[in-house]
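Report on the structure
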Amino acid sequence: MTKPHPHTPAPSPKPNTKTLGINALSIGAAAIGLGGALLAVFLRSKANPAEHAAPDLALDKPRPGATDRAPDAFRPDPTAVPTKAERESLRPATGPAPSFAADRGSTLG
């Protein structure tokens, strides 16, 4: 019987299943990330049907200057007296500011 050659490589051990699992998870995560990026690009490229072009905001349109005024229909009347409801809607809010310490309107003491 002959002896095995001393430089013969030993039989390779079976692959480490932990390493294979980590590699599979890494590849799966990369595939999910790539798929998400492609989906985001696809959804962003679709035009929103609710949006439309604003031709009055085009770059080649003249811009109003400091001396230009709004049309008469859009100018507020400085002599108009506000109604009671308008005056109430412009009244500042009163009362304690909300905080983490107590409910609004309650007192600490």
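Given the structure is predicted, the values throughout are model-derived calculations rather than measurements.

With respect to the overall build of the protein chain
- Counting its regular elements, the protein chain contains two helices and zero strands.
- Here the protein chain, with 109 residues, has 1% of them falling under the buried criterion.
- For the protein chain, the exposed surface amounts to about 11,100 Å²; the carbon and sulfur share of it is 65%.

A word on a nonpolar patch on the surface
- A surface patch of nonpolar side chains, about 310 Å² in accessible area, is lined by L39, F42 and L43.
- Relative to the helices and strands, L43 is located in helix α1 (residues 17–45).

What about the pattern of salt bridges?
- Within the structure shown, the criterion is met by two salt bridges.
- Between R75 and D72 there is a salt bridge, with the nearest N and O atoms lying 2.8 Å from each other.
- Assessed through its relative accessible area of 33%, R75 is described here as partly exposed.
- Look at D72 and you get exposed, because its relative accessible area is 62%.

The rules behind the values
- Residues numbered from 1 in each chain as written.
- Predicted model: local features only at pLDDT ≥ 70, side-chain atom pairs only at ≥ 80, totals over all residues.
- Heavy atoms only, no water.
- Helix = DSSP H or I, 4+ residues; strand = E, 2+ residues; numbered from the N terminus.
- Buried < 20%, exposed > 50% of the residue type's maximum accessible area, 1.4 Å probe, protein only.
- Areas by Shrake-Rupley, 256 points an atom, 1.4 Å probe, with all protein chains shown as cover.
- Patch = residues over 30% accessible without salt bridge, like charges linked within 9 Å, V, L, I, M, F, W, Y side chains within 5 Å.
- Salt bridge = Lys/Arg side-chain N within 4 Å of Asp/Glu carboxyl O.

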